[in-house]
Amino acid sequence: MAESVIAVRDVSTTLGGHSIHRGLSLSVARGEVVALIGGSGTGKSVLLREIIGLLRPQAGHIEVFGQSVLDSTTEQMNVLRRRFGVLFQDGALFSSLTVEDNVATPLFEHTDLPHAICRRLARLKLALAGLPPDAADKRPSELSGGMRKRVALARALALDPELLFLDEPTSGLDPISARAFDALIRLLADSLGLTIFLVTHDLDTLFSIIDRVIVLSNGRVLGSGTVAELKHIDDPWLNDYFAARAPEGETQHGN
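Here goes a summary of the coordinates provided. (Residues numbered from 1 in each chain as written. Predicted model: local features only at pLDDT ≥ 70, side-chain atom pairs only at ≥ 80, totals over all residues. Heavy atoms only, no water.)

This next bit is on the packing of aromatic side chains. Evaluation of the coordinates by the stated rule reveals four aromatic pairs. Consider the rings of Phe84 and Phe165, whose centres lie 5.3 Å apart with planes at 85°: the pair is edge-to-face. Of this pair, Phe84 sits in strand 6 (residues 84-87) while Phe165 sits in strand 7 (residues 163-167), and the two are 81 residues apart along the sequence. Accessibility expressed as a relative area gives 7% for Phe84, which makes it buried. Relative to Phe197, the ring of Phe165 has its centre 6.1 Å away and its plane inclined at 75°; by these criteria the two rings are edge-to-face. Taken together, the positions of Phe165 in strand 7 and Phe197 in strand 8 (residues 195-199) put the pair 32 residues apart, joining distant regions of the chain. (Phe/Tyr/Trp six-rings, centres within 6.5 Å; stacked < 30°, edge-to-face > 60°. Helix = DSSP H or I, 4+ residues; strand = E, 2+ residues; numbered from the N terminus. Buried < 20%, exposed > 50% of the residue type's maximum accessible area, 1.4 Å probe, protein only.)

Below is the structure:
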């Protein structure tokens, strides 16, 4: 049985007086590419932020690489965070820095490497993310939305993580750019042996690159499995969601 990289058990979350998660449990095995879906307000991004230690639930237990996120000290979390990378929905790039410096920032902060080496490594990560060399000296505002997403991905890869968290990675992209970004994610997962946990609403992403889909509903996991398996669940939101499925002929990754 594959090692569990992410383990969430009985997590309950209340925000602004509203119950978001009610005893939610899920796990992600090493090497999986897993998508988290659910209707608006189901707490997908909230859960991601809890897993990486940016938010704290009212109850429950969260482990990443076997380490308790909720019981770790700041120093322990800083060490743990070097093992995973995060791409936030808006990219969260520093507008005043060049693309190269954006990607090099984690290396500046978390390694003792000379800055010149950090910059060389940053350019390698940019190339890995499919960006041309001349992008390195530009500011984020000079790039298209798709290129900014790739910069954010390059920064998430800066410390050679074992695990990637992606929050709505294709949101705001045109269909061609979105599918190219999906292909890049799958290529990186397969070639680097990454575990990937992503929040998405993009049906095409599910059909093209995802190993397993987890559905949140009413504060808990409604279902977990392939798209084909989830279609057997009789749920109004899920039925409407898959009614807008990708064109016939597209199959889920691995099917």
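Our next topic: the pairing of strand 3 (residues 33-38). Every regular strand shows the same layout, with side chains that alternate between the two sheet faces. The element strand 3 is extensively covered by neighbouring structure, given that six of its six residues are classed as buried. Of the two faces of strand 3, the one lined by Val33, Ala35 and Ile37 and the one lined by Val34, Leu36 and Gly38 are each fully buried. Where strand 3 meets strand 8, four bridges bridge the pair, whose relative direction is parallel. Paired with Val33 across the two strands is Ile196, which belongs to strand 8. Sheet topology note: the strand 3/strand 9 (residues 212-217) ladder contains five bridges and is parallel. (Pairing = 2+ DSSP bridges.)

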